[in-house]
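Structural description and commentary
Below are the chains, spelled out letter by letter.
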Amino acid sequence: MRLHGVGRRYGLRGRWVLRDIDLDVPRHALLRIDGRNGTGKSTLLRLLAGIDAPTAGRITGRPATAYVPERFAAALPFDAAGYLVHCGRIHGLPGPLAQRRAAQWLERFGIGEHARTPLEVLSKGTAQKVAVAQALLAEPELLILDEAWTGLDTAARAQLDAEVTARVAAGTTTVFVDHDPARLAGAATAVHRVEGAALVAVTPAAATAPNTAPAAVLIDAHRPGGPRTVPPALPASARTLPARPGDAGLRVTVAAADSDAVLRALLAADPAWHIRSVAPAPGPAPGGALAKEDGR
Ligand SMILES: Nc1ncnc2c1ncn2[C@@H]1O[C@H](COP(=O)(O)OP(=O)(O)OP(=O)(O)O)[C@@H](O)[C@H]1O
């Protein structure tokens, strides 16, 4: 996706909140948008999400997008599960899959008992989990998160961190705003600051650090209640590690270059695997000739 000379102002005589913004939003990118309060970060994210239109300029190459707004419109006539299924259908999921994904995300965030609770009576924290789940239950090519972590409990914040990391590694582009400067620190491929209606590129720590990219990564996933069957047709470098005692999770080491294919396969499985972590793999990189363990 690309922004060409994009500007936005509210009202005919309003000041330009954003002006002449040129921005490339490539695949696999994790873009952080910074800026002082009221500078136009949410405005930019709404333009990227396609729920607001530029006053000037144009946006080309818009991919399938999911968006978590800064404020969740809880006054909608749905219960939590019904809302998630509705959103899943809008994202193009068939009905039964949308229902399964909705149930999975409610369980994953520990709010399964609120499946039939109307949105308008959900607590703020639970409503925020629903707001995040509606964006994650599909596999958008572009994920826009406007302070999506705000209001989540510690466990849900960590889940969202891991989910974003996994999805970016699998090829999803994510653009986010968060007040915590440590949010996904070091992982951002680019940081931009909104300043005086312009977008200023800030070099992220990750881009200036020496190249410490691992040769192989260890992907740790789980699928509560679902079969532990490994998706077929993983890359040759993927190796499934033996299960740890008492842990039904799945651990796969894979050459870093192939990790996106493994992550995509796990995220697209039905039921989807939940990625607990993606970390540099200890030891030498797995090679194409390595045998798969765990019966594969
Ligand atoms: N719908 C709207 N109508 C009129 N003005 C608006 C509208 N939305 C935003 N603005 C104004 O545009 C400017 C930028 O707002 P925006 O919410 O994009 O900033 P922000 O950087 O996200 O702020 P914050 O950090 O406080 O969330 C502000 O002056 C705001 O008042």
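Quick caveat, the model's predicted, so the values are computed rather than measured.

A separate point is the sheet that holds strand β12 (residues 250-255). Reading across from one edge, β11-β12-β10-β13 is the order of the four strands in this open sheet, with antiparallel pairing throughout. At either end of the open sheet lies a strand with only one pairing partner, and these are β11 (239-240) and β13 (274-280). As judged from the six bridges shared by strand β10 (residues 216-222) and β13, these two strands associate in the antiparallel manner. Bridge pairing in β13 links Val217 to Pro280.

Let's shift gears to the environment of Thr126. Assignment of secondary structure puts Thr126 in helix α4 (residues 124-136). According to the C-beta neighbour criterion, Thr126 is buried, with 24 such atoms within 10 Å. If we ignore the near neighbours within four places in the chain, the residues touching Thr126 are Ile111 and His114.

Moving on, we get to the nonpolar core. Side chains of nonpolar character tend, in soluble globular proteins, to be buried together. Of all hydrophobic cores here, the largest spans 82 residues; its most connected members are Leu84, Val130, Ala133, Ile144, Ile219 and Leu263. Tallying contributions element by element places α4 first for this core, with seven residues. Setting aside its immediate chain neighbours within four residues, Ile219 contacts Val252, Val254, Ser259, Val262, Leu263, Ile275 and Val278.

So, on to the site of the ligand. What surrounds the ligand is the set Tyr10, Val17, Gly35, Asn37, Gly38, Thr39, Gly40, Lys41, Ser42, Thr43 and Glu70. Counting residues per element, the shell around the ligand draws most heavily on helix α1 (residues 41-49), which supplies three residues. Within the shell around the ligand, the residues separate by chemical class into two nonpolar, seven polar and two charged.

With 13 residues, α4 ought to run about 18 Å at 1.5 Å a step, and its terminal C-alpha atoms sit 19 Å apart, in line with that. Taken across its 13 residues, α4 has eleven buried, putting it largely inside the fold. Looking at the buried side of α4, the elements it contacts are β5 (65-68), α2 (80-90), α3 (95-108), β6 (142-146) and α5 (154-169).

The next point concerns the packing of α2 against α4. At a minimum axis distance of 9 Å, the contact between α2 and α4 shows a crossing angle of 25°. On the basis of their axis angle, the class for α2 and α4 is roughly parallel. Helix-helix and strand crossings are classified by hand; for α2 and α4 the assignment is right-handed. Facing Ala80, Tyr83, Leu84 and Cys87 of α2, the residues of α4 in contact are Val130, Ala133 and Gln134. Each residue belonging to the contact of α2 with α4 can be placed in one class, and the counts come to six nonpolar, one polar and no charged.

A word on the pairing of strand β3 (residues 30-34). β3 sits mainly inside the fold: four of its five residues count as buried. Bridging between β3 and strand β7 (residues 173-177) involves three bridges; their strand directions are parallel. Its bridge partner being in β7, Leu31 is matched across the sheet by Val175.

Here the residue pair Asp270 and Pro271 is connected by a cis peptide bond, since its omega of 0° sits within 30 degrees of zero. The topology assignment puts Pro271 in the loop between α7 (259-268) and β13. The phi torsion at His28 lies on the positive side, around 70°, for a residue other than glycine. For His28, the position within the fold is in the loop between β2 (16-24) and β3. A tally of 14 C-beta atoms within 10 Å means that His28 is categorised as partly exposed.

What counts, and where the lines are drawn
Residues numbered from 1 in each chain as written. Predicted model: local features only at pLDDT ≥ 70, side-chain atom pairs only at ≥ 80, totals over all residues. Pairing = 2+ DSSP bridges. Helix = DSSP H or I, 4+ residues; strand = E, 2+ residues; numbered from the N terminus. Buried ≥ 20, exposed ≤ 12 C-beta atoms within 10 Å, placed from the backbone. Contact = placed C-beta atoms within 7 Å. Core = buried A, V, L, I, M, F, W, Y, C linked by C-beta atoms within 7 Å. Near = placed C-beta within 6 Å. Nonpolar A, V, L, I, M, F, W, Y, C, P; charged D, E, K, R; others polar. Expected span 1.5 Å × (residues − 1). Axes fitted to C-alpha atoms, helices over the stretch in contact; angles between N-to-C directions. Parallel < 35°, antiparallel > 145°, perpendicular 65-115°, else oblique. Left-handed = near helix turned anticlockwise from the far one by under 90°.

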